[in-house]
Amino acid sequence: MSISLPRASGAHQHHRRGGRRWWNSFVALLAVAMLAGTLVTIATPQRAEAAVEDYVPATYNMQGGSGSGGSKWTTDIMQLINSGYNVIALQEAGPRPPASAGEPKWTSDYLGGTQHWAGWRVQRYEWDPYPNRINLPWNIYWIRTDFSGPVGTSGGRVNIAIMTPFRADSTLVARPVFYGNNGLPTSRPALGIRLGQTLFYSVHALSSGGNDGVSLVNNISAQANGRTWAAMGDWNREPANLQLQRGWHKYTSGGATHMGGNGTNRELDYMVSNSRIAGYGGIARGFGSDHLAVGFRRLAANASVQLLNAHDDNRALEVEAQGTGSYIVATSKTPGPWGHFRFVNAGNGNYTIRVMKRNANEPEQCLDATDAQLTRFDCVSGDNAQLFDMRYWNDTGQLQIKPLNRSTCLGDDTDFGWGSEIVTTMSCSKGESRFNFRFDKDPGAGANPVVF
């Protein structure tokens, strides 16, 4: 079910299309305007058709809108906005949008019959995260999925929203999966917005294991009808247990995003999309909820990352010893201080991969493919053994890393467990040549991507 929205006029008209380059410029302009306290007029981004990666999406299960530090809208959400995220999917968003958003500017008709139950209405609120500084309200698209208490009370906090500075062309409600004998749903729908021909959804799968997740993705895909879509949210099951059709992709942060009781931490918050985006992944950040927020972006040049051996249960790559010429091996899932790397642009689409940590007075060192086993040596400009081409591994979100001095790829040596060696001679067609990556921290919206 898709609902077309009326267009606003004047200062409240927000343009929806545009690539990340436009958004980066806008963030910089916004920072200047905040200091100056002036009004900013946003020019229309000139792009025929934006894609998922042209926005800066994020998802956050807020565990309700309030916390011990006050409203999560003015603490947690503000930090996501200030970090440059511009399509934010929310779950457990509290009983209503922030009070400063006032009353809804638009409310859909009740949805009934073929629109999958008369209890849902989509609302649009306008919220200015910088009151008295700049006339730039954000749009909060809201749907009530928790009917445990009257609207606006503490009882109904498990509601779904999507917020963005852009005006959506239409809103969408993807059919829930389960219904009771009375014909009413026993699981939640997904709330979507359409920005040009790109659809973003906020998803909150059932807390009892997320067994509606796969079918909900099917419903989203059917509703998208061939358009590009990305569904973000709390799937209540780990990515490996969400079995998708070929051509649908999971983008994850590679670590736990829900802090459960008794040390049961699991990765539940991530993105599913029908768009294959090379080097795309999630960055988890902790706020005031039992869930981490997860933002999504391409692998960033110069950002500190961990490299994970996908063939060996995502064991992290690390320097085996501290000396020059030491081997690179897979160790535990959480690397030590020598297991952090950055990709430095060397031109022509190639990169050096540099070990972040080094001993005092020691030159920076690069991964080196001179020998059959991957090592690290002092960086030598133009050395093909230290230049790597980033590739996309078949139909997954995983990386292939190919040295320029070889026709083969980096991979594990088919052994498993702590200390497994990383070789430079692995056939690029083998599953052993797959790597995931994990950001050490959010590199920010303005960080340059690694070009594939």
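That block above? That's the structure.
Every chain is numbered independently, its residues counted from 1 as its sequence is written. Two thresholds apply to this predicted model, a pLDDT of at least 70 for residue-level local features and 80 or more for giving and counting side-chain atom pairs, whereas whole-chain, interface and lining totals are computed over all residues. Computation of side-chain values covers all heavy atoms of the structure but excludes hydrogens and water.

The number of helices and strands found in the protein chain is three helices and 31 strands. In this scheme, a residue with accessible area under 20% of its type's maximum is buried, one over 50% is exposed, and one in between is partly exposed, where area comes from a 1.4 Å probe on protein chains only. In the protein chain, buried positions account for 56% of the 452 residues. Methods summary: accessible areas were calculated by the Shrake-Rupley approach with a probe of 1.4 Å, and residue burial reflects only the protein chains presented. Summed over its atoms, the accessible surface of the protein chain is roughly 17900 Å², and 46% of this surface lies on carbon and sulfur atoms. By the criteria applied, helices consist of DSSP H or I runs no shorter than four residues and strands consist of E runs no shorter than two, each listed in order from the N terminus.

To continue, consider helix H3 (residues 213-224). Under the convention used throughout, the expected extent of a helix is 1.5 Å for every residue step, that is, one less than its residue count. Its 12 residues place the ends of H3 16 Å apart at the C-alpha level, agreeing with the 16 Å of an ideal helix rising 1.5 Å per residue. Among the residues trailing H3, Asn225 stands out with phi positive, at a value near 55°.

So, on to the sheet that holds strand E7 (residues 122-127). For two strands to pair, DSSP has to find at least two bridges joining them. Read from one edge of the open sheet, eight strands run E6-E7-E8-E9-E5-E2-E19-E18, paired in mixed fashion. Each end of this open sheet is capped by a strand with a single partner; those strands are strand E6 (106-107) and strand E18 (280-285). With three bridges joining them, strand E5 (residues 87-91) and strand E9 (residues 160-164) adopt antiparallel strand pairing. If you follow Ile88 over to E9, its bridge partner there is Met163.

Take the nonpolar core next. In these notes, a set of buried Ala, Val, Leu, Ile, Met, Phe, Trp, Tyr and Cys residues joined through side-chain atoms within 4.5 Å is what counts as a nonpolar core. Within the largest apolar cluster, 54 residues are counted, with the highest numbers of intra-cluster contacts made by Trp73, Ile77, Leu90 and Met163. No other element matches the four residues that helix H2 (residues 76-82) contributes to this core. Contacts are assigned to residue pairs with any non-hydrogen atoms lying within 4.5 Å of each other. Contacts of Leu90, omitting those with residues within four sequence positions, involve Tyr60, Met62, Trp73, Ile77, Asn159, Ile160, Ala161, Met163 and Ser202. Membership of the second largest hydrophobic core comes to 29 residues, among which are Tyr141, Ile160, Phe200 and Ile277.

Our next topic: unusual backbone geometry. The backbone phi angle of Gln63 is positive, close to 55°, even though this residue is not glycine. A positive phi angle is found at Asn314, which is not glycine, with a value near 60°. Summarising the element assignment, Asn314 is placed in the loop between strand E20 (305-309) and strand E21 (315-319). By relative accessible area, which is 25% here, Asn314 ends up partly exposed.

Moving on to the state of the cysteines. To count as a disulfide, a pair of cysteine sulfur atoms needs to be within 2.5 Å. Taken as a whole and assessed by the stated rule, the structure comprises two disulfides. Note that Cys366 is cross-linked by a disulfide to Cys379, the S-S spacing being 1.9 Å. Disulfide Cys366-Cys379: torsion about the S-S bond near 100°, hence right-handed. With Cys366 in strand E25 (residues 365-368) and Cys379 in the loop between strand E26 (375-378) and strand E27 (388-392), the pair connects residues that are 13 residues apart, well separated along the chain. Residue class for Cys366 comes out buried when judged on its relative accessible area of 1%. On the basis of relative accessible area, Cys379 is assigned to the partly exposed category, the value being 26%. Across the protein chain, the disulfide pattern expressed with sequentially numbered bonded cysteines is 1-2, 3-4.

Moving on: the packing of aromatic side chains. We call Phe, Tyr and Trp rings a pair once their centres come within 6.5 Å, taking the six-membered ring for Trp, and we label the pair stacked below 30 degrees between planes, edge-to-face above 60, and tilted otherwise. A complete count under the given rule lists eight aromatic pairs for this structure. Between Tyr251 and Tyr280, the ring centres sit 5.1 Å apart and the planes meet at 90°, which makes this aromatic pair edge-to-face. In this pair, Tyr251 is assigned in strand E14 (residues 249-251) and Tyr280 in strand E18, connecting sequence segments 29 residues apart. The exposure class assigned to Tyr251 is buried, which follows from its relative accessible area of 1%. Assessed through its relative accessible area of 3%, Tyr280 is described here as buried. Centre to centre, the rings of Phe437 and Phe439 are 5.4 Å apart; their planes meet at 85°, and the pair counts as edge-to-face. A residue is classified by how much of its surface remains accessible, and Phe437, at 7% relative accessible area, is buried.

As a further point, take the pattern of salt bridges. For side chains bearing opposite charge, pairing can occur when the charged atoms are close. Only one rule defines a salt bridge in this text: a Lys or Arg side-chain nitrogen within 4 Å of an Asp or Glu carboxyl oxygen. Enumeration over the complete set of coordinates arrives at nine salt bridges. The shortest N-O distance in the salt bridge between Arg315 and Asp312 comes to 3.7 Å. With a closest N to O distance of 2.8 Å, Glu364 and Arg354 form a salt bridge. Of the two residues, Glu364 is situated in the loop between strand E24 (350-355) and E25 and Arg354 in strand E24; the sequence distance between them amounts to 10 residues. Members of the salt-bridge network, linked through shared partners, are Arg342, Arg354 and Glu364.

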